[in-house]
Structures are given as structure tokens and as C-alpha cells.
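One-letter residues, chain by chain:
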6 protein chains.
Amino acid sequence: MRVDEAYSGNVFIKSHPNFEESEAVIYGMPMDWTVSYRPGSRFGPARVREVSIGLEEYSPYLDRDLADIKYYDAGDIPLPFGNPQKSLDTIEEFVEKILAANKFPVGIGGEHLVSWPVMQAVYRKYPDLAIIHMDAHTDLRDEFEGEALSHSTPIKKIANLIGPKNVYSFGIRSGMKEEFEWAKEVGMHISKFEVLEPLKEMLPKLAGRPVYVTIDIDVLDPAHAPGTGTVDAGGITSRELLASIHEIARSEVNVVGCDLVEIAPIYDPSEQTVNTASKLIREMMLGFVKK
Amino acid sequence: MRVDEAYSGNVFIKSHPNFEESEAVIYGMPMDWTVSYRPGSRFGPARVREVSIGLEEYSPYLDRDLADIKYYDAGDIPLPFGNPQKSLDTIEEFVEKILAANKFPVGIGGEHLVSWPVMQAVYRKYPDLAIIHMDAHTDLRDEFEGEALSHSTPIKKIANLIGPKNVYSFGIRSGMKEEFEWAKEVGMHISKFEVLEPLKEMLPKLAGRPVYVTIDIDVLDPAHAPGTGTVDAGGITSRELLASIHEIARSEVNVVGCDLVEIAPIYDPSEQTVNTASKLIREMMLGFVKK
Amino acid sequence: MRVDEAYSGNVFIKSHPNFEESEAVIYGMPMDWTVSYRPGSRFGPARVREVSIGLEEYSPYLDRDLADIKYYDAGDIPLPFGNPQKSLDTIEEFVEKILAANKFPVGIGGEHLVSWPVMQAVYRKYPDLAIIHMDAHTDLRDEFEGEALSHSTPIKKIANLIGPKNVYSFGIRSGMKEEFEWAKEVGMHISKFEVLEPLKEMLPKLAGRPVYVTIDIDVLDPAHAPGTGTVDAGGITSRELLASIHEIARSEVNVVGCDLVEIAPIYDPSEQTVNTASKLIREMMLGFVKK
Amino acid sequence: MRVDEAYSGNVFIKSHPNFEESEAVIYGMPMDWTVSYRPGSRFGPARVREVSIGLEEYSPYLDRDLADIKYYDAGDIPLPFGNPQKSLDTIEEFVEKILAANKFPVGIGGEHLVSWPVMQAVYRKYPDLAIIHMDAHTDLRDEFEGEALSHSTPIKKIANLIGPKNVYSFGIRSGMKEEFEWAKEVGMHISKFEVLEPLKEMLPKLAGRPVYVTIDIDVLDPAHAPGTGTVDAGGITSRELLASIHEIARSEVNVVGCDLVEIAPIYDPSEQTVNTASKLIREMMLGFVKK
Amino acid sequence: MRVDEAYSGNVFIKSHPNFEESEAVIYGMPMDWTVSYRPGSRFGPARVREVSIGLEEYSPYLDRDLADIKYYDAGDIPLPFGNPQKSLDTIEEFVEKILAANKFPVGIGGEHLVSWPVMQAVYRKYPDLAIIHMDAHTDLRDEFEGEALSHSTPIKKIANLIGPKNVYSFGIRSGMKEEFEWAKEVGMHISKFEVLEPLKEMLPKLAGRPVYVTIDIDVLDPAHAPGTGTVDAGGITSRELLASIHEIARSEVNVVGCDLVEIAPIYDPSEQTVNTASKLIREMMLGFVKK
Amino acid sequence: MRVDEAYSGNVFIKSHPNFEESEAVIYGMPMDWTVSYRPGSRFGPARVREVSIGLEEYSPYLDRDLADIKYYDAGDIPLPFGNPQKSLDTIEEFVEKILAANKFPVGIGGEHLVSWPVMQAVYRKYPDLAIIHMDAHTDLRDEFEGEALSHSTPIKKIANLIGPKNVYSFGIRSGMKEEFEWAKEVGMHISKFEVLEPLKEMLPKLAGRPVYVTIDIDVLDPAHAPGTGTVDAGGITSRELLASIHEIARSEVNVVGCDLVEIAPIYDPSEQTVNTASKLIREMMLGFVKK
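Residues numbered from 1 in each chain as written. Chains lettered and ligands numbered in written order. Predicted model: local features only at pLDDT ≥ 70, side-chain atom pairs only at ≥ 80, totals over all residues. Heavy atoms only, no water.

The name that an unreviewed UniProt entry assigns to chain A is Agmatinase, with the source organism given as Metabacillus fastidiosus. In UniProt, chain A has this text filed under Sequence similarities (unreviewed entry): "Belongs to the arginase family. Agmatinase subfamily." (UniProt positions renumbered as here; feature names shortened; annotations may be inferred.)

Core analysis: the biggest nonpolar cluster contains 83 residues, and Tyr-27 of chain C together with Tyr-27 of chain F have the highest contact counts within it. If sequence neighbours within four positions are ignored, Tyr-27 of chain F has contacts with Arg-49, Ala-74, Gly-75, Ile-77, Phe-94, Val-95, Ile-98, Pro-105, Val-106, Gly-107, Ile-108 and Val-118 of chain F. Within the second largest apolar cluster, 79 residues are counted, among which are Phe-19 and Val-122 of chain A together with Ile-77 and Leu-113 of chain E. (Core = buried A, V, L, I, M, F, W, Y, C linked by side-chain atoms within 4.5 Å. Buried < 20%, exposed > 50% of the residue type's maximum accessible area, 1.4 Å probe, protein only. Contact = heavy atoms within 4.5 Å.)

Quick look at the sheet that holds strand 10 (residues 254–261) of chain F now. Residue and element names in this part refer to chain F. Pairing within the open sheet is parallel, and its eight strands lie in the order 4-1-5-10-9-6-7-8. Edge strands, defined here as strands with exactly one partner in the open sheet, are strand 4 (71–76) and strand 8 (189–192). Within the sheet, the average angular offset between the axes of one strand and its neighbour, ignoring direction, is 15°. Note: strand 1 (residues 24–29) against strand 5 (residues 104–109), six bridges, orientation parallel. Bridge assignment links Ala-24 to a residue of strand 5, and that residue is Phe-104. Strands strand 1, strand 4 and strand 5 of the sheet are contacted by helix 1 (residues 44–51), whose axis makes an angle of about 135° with strand 4. Its contacts with the sheet put helix 3 (residues 115–125) on strand 1, strand 6 (130–134), strand 9 (210–216) and strand 10, and the angle it makes with strand 9 is roughly 175°. (Pairing = 2+ DSSP bridges. Helix = DSSP H or I, 4+ residues; strand = E, 2+ residues; numbered from the N terminus. Axes fitted to C-alpha atoms, helices over the stretch in contact; angles between N-to-C directions.)

Looking now at the environment of Glu-194 of chain C. By the element assignment, Glu-194 of chain C lies in the loop between strand 8 (189–192) and helix 6 (196–202). The partly exposed category is assigned to Glu-194 of chain C, whose relative accessible area is 35%. Discounting chain neighbours no more than four positions away, the residues touching Glu-194 of chain C are Phe-170, Gly-171 and Glu-240 of chain C together with Arg-239 of chain E. A polar contact of 3.4 Å, which involves the side chain of Glu-194 of chain C, links it to the side chain of Arg-239 of chain E. (Polar contact = N/O pair within 3.5 Å; in protein donor to acceptor, adjacent residues only side chain to side chain.)

Once that is clear, we can look at the packing of helix 7 (residues 238–249) of chain E against helix 8 (residues 272–288) of chain E. Think of two packed helices as two axes; the pair is described by the angle between the axes and how far apart they sit. Residues and elements named next belong to chain E. One way to put it is that helix 7 packs onto helix 8 with a least axis distance of 9 Å and a crossing angle of 15°. Here helix 8 runs roughly parallel to helix 7, going by the angle between their axes. Helix-helix and strand crossings are classified by hand; for helix 7 and helix 8 the assignment is right-handed. On helix 8, the residues touching Leu-241, Leu-242, Ile-245, His-246, Ile-248 and Ala-249 of helix 7 are Lys-279, Leu-280, Glu-283, Met-284, Gly-287 and Phe-288. Considered class by class, the residues forming the contact of helix 7 with helix 8 number eight nonpolar, two polar and two charged. (Parallel < 35°, antiparallel > 145°, perpendicular 65-115°, else oblique. Left-handed = near helix turned anticlockwise from the far one by under 90°. Nonpolar A, V, L, I, M, F, W, Y, C, P; charged D, E, K, R; others polar.)

Okay, structure coming up:
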């Protein structure tokens, strides 16, 4: 009965009501203004929270329960519609506070460009940072039709910032020839088509390093995530993605933050994409957030 | 920036964070277990809240703004799935607390049976109570296929409790012959098909009396509210329903509570039904809740 | 409990199990192979039956109950996919049996071309036949892109057979200039845009005559019937269509058969179109079928 | 031409018209009132039948044809909305008649709780009964939010009745920690995540025993069955499920009944889930029903 | 047979292949990056063209045929995703060329902000310009959450440019109190809720003047146009909107350009909104473009 | 800026504007009038073109770019609705022109029967022709419910024309027993269920021969292609289909034409099927069309 209690509203299931006491912070980045194909990912974070009530709290994969960690749901960051630069600045400032408070950031997007300011903030805190990136797309463009702020560019930006050899992309099945060539030249790792097997090879190399994990949900085949902006056939299954998250969780890598982006609910009337996203968030938190 | 503030989550737009200071209380009654046709109204309240962010706060109909009143969103009442009696008891107990605190109850359903415990609680506080009921259906059955707890029965129950002459139904276009005949015999008011014009006639008779307003969203034509359990062609427009709410708001009637029920979002991929419901809740609060 | 009884399957609600004892016969005509825009009306009849379980059996408009008449549901006529001529022959043969048994035919379509063989059969039995036709489209073409068997032609065919002065079209808001001109020249009645008011004027002229009523559900505005092949804005409401059916029912006209066509469920995920069609069938039977 | 024949209505394709002469009986259990997440499985059985017209009658997997067996479609069991106990009693009484007539029961749900009364009836006839259970969820709760009659409980109930060692669950990927622990303690078999391979190991142990097969369609990944109440990423493919059914069919196990539950059509506008369910029913009948 | 001809692709039905010889030019403005609620109108123009093949070419309302005028379909203006200012500049430059060639511009949106550069260009050519604006929303904000380039601002901008007394808004049912007050103070015309009747009053005052007509499709009730970003109950019917266009067409006003904006197809699986938009474009061209 | 240029409209991305200079020709065959289950594939070609704007032009699978070949998009062949024979004649005449001009034909369907006239024309040019056929269904019927022109017959027709030993079917999981038996008797190759592995075995046997590749998109599992007429569980993944196309591309086979058919967009609101089809067309052109 909640009449005489504070009602915490629609938050991710089992969120802790207090920011200070939490180890991790969930936040939405409801931006989709630079996407080149189908918009709508601004509603991803809200719908992922909403369907999280359908989640079991226990993970039989990791034998861990949401009750084992404390996380605060900070809601969606208010972003100015149609203004990419100001939106990115707002996100960066927001995440800096989370990091300053020594909490683990768990972002939900939103288009992939939102990961750029997050990764910048994380890099300032962890100069030895590496990126694990799962995606259908390279996201290595310098600009899209003249725009440097585009959802096709975040991995190029972070590669330029932290050095391309510190970026590891998996599951890539779409991009311009120039993007693949650039990656090859500069020594950035790209695993085409596959995620789990190449990840198993790469993880030992990253042992002990701080790693930020950024997952574009379109790394999944459209069969498993129809609710995203740019569906691209030939992706991995949700089983492989879950196994990949668990592989990271069980590795020697020090995950220092993560996000899941490009969830666009309107394209999926079955709601399977948001339900899957909600489960992925659960598994990432249970796997990555340490006591 | 909400990192260091309490996040109030997904609540109806502009809700007041404090129960005690509020004049009205919004609450969801997510029950749909006795419906005889299409279930799904359990998700109505949550989705109405969610889309309320798209609402303008000002009503050009009533020249009043949501900032002019204080209302608390108490969230959804947790109800035991598949147990009608216990669900009704829980609702009744919940609403009694709201009434005991002298706040105006604004319920969102959920199937129409949820109005039954609310009206019981309201009646205990206001023994001179009258009911204004807008609906496609009579809801005057004694039972449905043997079940006395059915979404086809709440108006019969309240009519039996407070006396059928105190119940005024409008917009009715579906029911058994026996239901219409019973109403006639016992002197209960039923306006078939129309709402606004007969309402204008009846409101003066109710001047000064405490009135509870219960609206089944299927009083609207399916064109205006496809997202409901039992769609029935030949209903009124959303313009007529808005005008009817405004007619009550401007009358001498003393509205002491209201609800809007049978919102089943899954049947309406366009989301127009939940957006319309959200606007109707705004207009009811602006029209019915006095300072 | 149906284990040891004959199972009556998916039939229109309250259908009589026996053909011989029935006064009316419902049958589906699941053909959509000549449509020029969106196909799918082959599934109309089956879905209309399926949702009829959601219908109240009593009509508060006509104060009559489905229990007051006996009607048999003959199911869908099996039609050869992609063969218009053979399909029409099959329908004609089927309806002749119904008429030979002196039963009232109630057809559900399927594209509008299915009405052509029905009307031929009815005309053979009633040489003084007149047609009341409600539709968004004239359907007065001689052919469509070279095809004489097209869903754009049935009214032209019947007008040529029984004489254009015996055909009364209502609600027409789409057609070629030549179609409107032809109708004018030969003295065929066309009411543009409106149904109810011109119908009230015309009905006295048809008093005592045998009349077949053919309704294309797209006479309704797309808001009221999105589930049809060719949606065309600016149509009438379901209230006006219901009132028009009731106007005919209360007139001196001798209705000898009727159909409702062009119901294409797939375009309407809200299922409002099939539910509306189901109610229209109820009202037509209650209004047109005499003891 | 069905005018002068008995109309067999909406039944599963090629159903036999006579109960007595049939070897198997298909029946729907349209109940969804205790589900904790998305309702709508009450419409599963009707839609599965409806789309069965799209099925080929021959199975190239089993080289057997629907013409090789006789099965009667008894339609949906009429159940009282919102009354779980009475619904379960009605189902149990219904299935007892089927078993008394020595026919093979093939149930379609409906929520998973409907399997509980079926399994009770089957157990009375076959005291040496074992259960093969394929599901995403353990369904081993004692109650859900206080309700002992919940769709989360049927496997616990049957395990308690026939002994947990006689219950074999496969494909489980969701549940409370306590449920997994209980199963382990009492020696109930649970294969997490996988179905086909562990099934191959277990089937020899069950050789010669009477086995009831209960399949929750959510054992499939949401990609393969989006139309269910609780979608949970990481499931098996429809290929694996088909192969698992064939594995049982070819084993020494004596299947004495089966069901397929939790089909909720409204969440899948593509209709793939009901089409898949229809094919699964065909394969189960061709594989399990002996002459 | 088009193998050896130039294929003109997907253009609005009956478009003329030659720009120079045409009297009017259709163009899409696929921008939706500043919208504050549901994006997706970038796909409006393409889908409106696509469904135009379902249109009859003749208007029985205006007794005029698309063959009577020549119009060129210039396709969608390529706009830089996420860059509002550059998008507006591109549109303005594009429309200036159309006006310089003395052709009638017919724009399809896209969000309402796209009308701002069009109206600027038109105003430079017609300094005595007046605006007829049909919309659910005032669009009179100075900025939205800090952004001056927002879909909530175009009418304020044009009112400031050409003088508020030259702007006539109709059908408005949503806005901030300040917007309505500002309009009143500065003498801008706003008809709340209604379109046709106040338009009839205003048109004589505009006789002889150059007028640009801008229609936000959300002036329609959501029942008639669910496929738009911001659905708002209580709007007008498509019949009233068609009649309003015809009223302008038959008036003494000199229409010099027009647009129809905010068509977001994804929210309307029935496709009625794009079909309605396609018909509205036909009626505007037949009514407004003179020989 | 396209105001003063010829606008090439909605064509497959990067199509060449000139037929004569092109090496390949894309054309749509918008016919669905003989389908026995769900119609709607007439809209497949148009929607595949429309979404091709979302494609990356480079294939990381084949390391080839659409810029490397020239192809002309001839649009949809205009076909007479409801007249199968005349439609097939029109297609045959059309494709003969393409072949006469020595261009590679790339067809998009439409129902599978459209491949029959194409294969006839190709066979006249290449008397040593073999067919590679990927499909869920045998398509080896002689007729369907009496109709020899049916979407269930094209492979039988071509087998009879060129000899069954020259036809290789893969992925088949549905058909009548008689169809499988006939294939066995006459020595036609059918790989049940699998595509990639048996294809690897067969391709060496076809080395050097002219081969036409016809793909029914329902060879994919419904999870990967819900937007098709006849969904059938247990199909292959889009990864396997892509790999199969690449296997052919890298083989010694001389592909002389190809098609992709049975794309019915309306059944897939997520649009994944048309996006997948668009990618498959890209891969087939990059793999099969030589300089």
C-alpha cells in the first residue's frame, strides 16, 4: 500500500531509492536526433524500465540476484530536442557526477552517439581505458552527409581519443569499405560477423585493464531485436549475446561502465526488443557490478 | 539534473511529490481478470502515465492549468492476479485512506469492476451520493456465466446499494433486454446512445449533490478509443466526451471522485487511446478538483 | 461441455444448427483476387464470425434479439484462388440454393465483385428488384486495366442487367468523371457523400418493392473501418451507417437479401473493423429478416 | 458446397467429425486470468485452429500424414472468466471424459495453469506417470503474490503429486533461486537453457513409461514465438523444438497426452506464433498418437 | 512496358515528368529532428507518394481531374540529419528556385518547423502575404526547452516576420496559456477547436490577398490521423478538413503555396493517415493551383 | 538539389539511370492473385526499393561495392489484377527484352508463380539451364484446388520443361507426400531442411553451367522473415541464407539470372523482412553480376 509512502514510480525493477547508497546508477539518454534511418530510440529507456516488472530477479546464468547489488535509477537525462552538441554536453556532465561519486554507470539509449560523451568521461577517469564494442555497424565515419555529430561516428571519435588499438569491435557486418580499411591500417580490432569466439580470444589480452562495454542492440539479428533503428540481417542470436556478456563477466577484465543503445520500441509491437534489453541490463549489472 | 535528487519516476505529468500537501490523488487499478472478451486493461494506468509527458499542461477549454492544483500520483495498487475478491478489498481499503485524508480520488483502470469498491467507499463518506456513468454497456448484470464478480456487473451493484434512482447512465448502446427493462422498472436513468444532450437535462436535478463520475472509455466510438476490451461501433466522439466533462465541471454538481476505466493499450498500436485517456484525466482534474 | 455433442465450431454467434429450419443463411465469400489496391478481404468472413462472440445478442436500437430469428451459418464458400469467373459461378450456384429454399441470404465478403453473382441470382427470383448500394466508390467501371472481372465493376454490371434506374447508390465519394456522368445520363441515382438523409428521401419511392442491400464497408470513414482494401477519407460514421440500416428496416421496403463486403482484417490491428462488421450483420439481420 | 451438409466450422484442419471414432481429441483451454504479466492466451486455441488451414497435412519430418490418424476437435471448453478454481474443475472433468473414452488428449492453452487439472486426470489413469516439461520458466512457485492458483505454479503442484523425480524440465532459463534449489534438493530434473541434447540423454531412462508432454511455447526464443505472455530472450529455435518433439516420437516412451500452452496471439501481428503452434500440434499428433 | 523508357520511379500519381512545363511542384521535407514527442515524420513524404497509386484522379467534390493541371514531383529534399539550421537553409534555397520559376509550391512534411523557411521565401515574393494555419497546436512558442529551432515555434516566427494580424489559425486545441494570451494581445486570429465555420467568416476578409496555407495533419482528430507525432483528442473530422480546403478553393483568396506536415506513418499500421494525406494533397492541388 | 534535374524517384539505391549502359536490370513482379493463404506480396518490390536507402553500399562479405556494377531499376511491371495468364505473358515478354539486351535479370516478387515465365525465357536463351531453388515449399503441385496457375506449381512446371534432373531444391520443409515421391522417382534433387551444406556438395556438379537462382523468402524461418504469405516454422537463419548466396557467388557456376519472391510487407510491422530482402538483393547482385 503506497498511499502514505514515497512512490518511486516507474523505475527499473528493484532499484534502490537512494543514490548515495548505491553501487551503480542506471540512466536513460533519450536522444535520437542524428539518426540517418528510423528514429524512435528516445523512447527506449522508458519502455525498458516499464517492462522490467516482467523480469525474474535471479539469473540462472550467473547464479546472482538483483538483491545482491544496489543500483539507483536516475531516470532519463533531460536533453534538448534537435540540439546534438548541447545534448552531448549534458550527458557528459551527468556521467561525470556518477563517476565522481565512484558509482558504476549503466546507460540506456538512445542513439549510439550518446556513448561518445560517456566514454570521454570514463576515459578521463581511467586513462588506460579499452572499449569493447558490439554492433552491426562500424560507426567509424568521420561525418554523415556533412555532420560530424552523427550516430555513425562514435567509435571513430573514441578511437581517435584513446587510440584505435584500444578499441575492440565485434559482430560488425555493415560499413563503408573505407571504415574497414582505416581500422586495419591503424590496428583497431574488428571481428566481422562473430562476437563470442573472437571475444574469448581477445579477453585475456585485456586482463586487468579498465574496460567500457558499449552494445548497440542491432548487433543482434533483426529476428531477436526488430525494435531498433537500422535492422540488418545476419546478426547474432540473443543466446550468443548473453553468452558474450557472461564471458566478459567471468574474465579478468575490469568493467568500469556499460551501455545498451539504439532501442527503438515503436518498430516492435511484440515488445520482445524491450524485454530482451531489460534482461540484458540485468545480466550486465549482475555480471559487471562488483561489491 | 537528477543525480543528486530524489527521482520521482514515471508519474502523471506535473504530479506533486507529496501526498499530504495534495488535493487529489491519482492511482491505477491494474486488474483485468474478470473481463469476458479481450483482456489487457491492467496495463492501462502505466501507459497513461507514460504518455502524459506529451500533454500540454494548460486547458484552453477550461482556462485552467495543471499548476493550479496539487495532485499526488500514488502509482498502481498492487493487486493479486486472478483473485477478484481480494483485489476489490485491496482497492477499497486503499481508497478509504484517500477519502479519510480528504483528498479527491482519481482512479485509472483496469476493468470496470474496479469502480465497485471505490464507489462503496465513496458512498460511505457521502450517503447522498449519485453516480454519473458514461459507458457503451449497461453493466447491469447480476452475474456473467455464473460469476457475480464480473466486469458486466458494477453498475447493478452500486444501484442496489445506493438506490437505482441515484444512478444516471449515458451513452449506453449495448446490453441485454432484461437490463434495460430492469432499469426502467426501478426508475434508474439510462440515456441510450447520447451523452451530452441528456446530461445537460439531468445536471440541474443533481445540483448540490455529491456525485461520483465513472467513465468507461468504450463510451467513445472505437474510432476514438480502439484500445479497449470491448469495442462497440456507434459511440460518441472524443469531442462530445470532452464537452460532457466540461458540462459537469461547469454545473452545480459537487464531484467527489472520478475514474476512467477499460483502457487496454495493446489493441491500439497508434497509442491514440492512452493519449486520449491522458487528456481526459487532465480535463477531469482541472474540471472537478476544486481548491 | 461439448465432448459428446455435435460441435458447432466457428459460426456467427447464436447461429441455428439446422439449415432447413432457418429463415436466413449467413455465408462467407472469401475472394479478393481482382482487387486493384490492398488485398486481404478473403479473411473478412472468418474473422467477423470469430469476434461475434463479443456481441450482445439484443439490439437496443431495434428492440429485437437474435433469439427472435433463426439463421444458419453455412461457413465460407470454397473458391478457387486466382480464378474470378469460376469463383463467381460457384457463388451464384450457392446462393441459388439458398433462394430456392426460400431463405434470406446474408453474405459477407470478400471483395465487392462477389455481390455480382448474388445479385444476378436474386434478380432471377425477383424481377422487380431494386438495389440499395452504400459505398465510397461508384464501382461503375466497365473494366479495370483491361479486366472486365474487377472489384470496380459490380454496380455497372447489375445496373446494366436490371436497368440503371433501379440502382440507388449512397455515400459515393470516389470514382472517375465518366462514371458519374454515365449515371447521370442513364438516370441512375447517386447520392454523393451522404447516406442517411438522401436515403430517407428515396425509401418511400421503393415502398413495397423487393430490394437487395449491398454495403461496402468503406462507405465508412477510415476512422471507423481502417480494415478495408481502399481507405478513402471523408466517409460517414458508424452511427450514420447504423441509422441508415435502421431507416431501411423501418421502411416499407421488402428487403430480400443483403451483404457486407470488403472487410480486410490485416490492416486493422485494433480489430475494430471486424467487430463493427459483426454488429452491422446483427443489425441487418434483426432489421431485415422477417418471421 | 456446405449448404446441405453439416458444417464443421472452425476446427483444426482435417479433424474428424465424430468423437467416438477418433483416436485423439483436440480441445482449447481459453483461460488467462492468473497470469502475472501479459494476458491474452485465452484467444490462443481459436487462432491456432483458424490458421491451421494454412498447414500442409503431410510431415516430411515423420513421413506421416494427418490422414493417417483420426482426431476430433472438441472446440474450446467454456470457462468462467475470473474464477480459477472453477475453471480448473471444469477442465479436469472434461479431460476425464476423454480419458475414460480411451482417447489421446491434445490440449491448447491458455495459461500454463490449465495443465494442472489435465495432469491430475492423466495421473489417475496412469499412476506410473512421468512429465516431460519444456518451458522458459521453472513454474515451481508455491504461490504468486499470495495466490496458490497462479500460472507460476503448475509444475510444483504436479511434482508434489507424482513425486519430483518423475518430472523432467528442459530449456529452463528463468526462475527464482529458491525454485532451482528446491528442484536440486528433491531430485527433480532441470536442464537449464538446452532441450534437445539433455532430452536425448533422458529419454532412455523413461523407456516404456507413460509420459505426459507439456510445452510452454515460451521455451522458444521470442524471435520464434513473440506471441506469448512472458517473452524471455535466449530461448531455443523452432528447429530445436521440432527436433525435440521428433526425438520423443521416435523414442521408447509411451506418450499418453500432451499440451501446448501460453499462446497469446495479440502480441504477434505477424501471426507467426499461431502458425508455429499449429505446426507443433500437427507434429505432436503425428509423432505421439499411435494407431 | 518500361524497359526502354525512362522510369520515373515512385512519384505522386500522375506527376508530370518535366519541371519546366509544370505549374506546380511537389516536394518532401523529410525532417523530424526537433520534435518534442514522437519522431518519424521524415518518412511521411515518401509514404504519401507510395500510396497515391490508390487514389482516384478525379475529385467529385471539385469536379476537376489531376489531368487538368501539370505538376512535377521533385522528390525529397536531402537534409542533414540532426542539423536544424542547415536543413532550414536548404529548404529555403530549394523553395526559392520554385518560386523564381513561378511555380506553385506544394510541400509535404516532416515536422512543422519546415514550413518556416518556406513561408519566408513566399513572403519575399508576396509582401502582402497572409497565412491560413490549421493545427491542433498554437506553435507560438519562442523556444522549447531552450531551443529556438523547434517544431513548436514556426507560427510565432512567421507572425513576427509578417505581422501577427496576417496570421489566421484554426482548429487550435492545445498550447500554453501564454501563447493564447500573446495572440490575443497582438491581434492574431485564433479559432479554438473549430475550422470550417470560422474560416467561412474570415475568408471574405482575405479576398484578393496572396495566402499561404499550412496544415498540420494533427488538426484532424486522432481517429482520422493516428499517424502523427502528437495525437490530441477532440479534433475535427476529415470531412470538415476536406470541406475547409474546398471553402478556400472556392473563395476569392489567391492561394500561392501550401503544405501538409507532421505525417508520421509508423504510428498508423492501417495506413489510413498516409492515404488521407494523399487525398488532401490531391484536393489542395485541384483546389488551389490555377491554370 | 533536384529542382532542375530529372528526378529518378524511388528506385533501388544507387541504380543507374540508363538502361542501355547497365549490366543488370531490377524489376518488380507485383502479382499475388493465385496465393492460397495470405496475399500481399504485390507490395513487396515497392517496399524493398523504399527501404534500400537504409543499406550500406559495401558488402564486407564479398568485399565489393554497389558502385562496382551498373544496374537499372525498371520499376514494377504493370500486371492485370486477377488475371494470372495475362500477367505471366506480360512478365515473359518483359524479361525477354532484358535477355535480348544481354542484361542480367534480377526479379522481385510477388508470388512464386512469377518465376515461371522468367525461367521459361531464361531457358530459351540457355538450353543447358539448371535451377537452384531455395524454399520452404516444394512448389511441385500440378494444380491447387483445380487451378493449374497457382503459386504451388512453378517448380513442377520448370522441372517438366527443362527436365527434373536439372532442378535443385534446398531447404524444403513442407509439401504433399506425392510431391516428395515424384521428385524421388524422376531424379530431381531435394534437400530437406538444410541449404548451405547440401549446396556445397551440389555446386561442383553444376560448375560451368548456366544457373538461374530462385529464392522464396520463406526458406527463412518466420523469425527472420515474418513478412511473407505462408510462414512455416523450422527454417534457416538469414546468416545461412547469406552464406548460401556467397557460396554460389564463389563457385564455378555461371549465374544467369535470379529472383527473390513472396515478400508480403503487411505481415511484418517491424519492416525487418523488406530490409532483409533489400540486403539479399544487394548480395545477389554483388555476388552474381560479373563485369
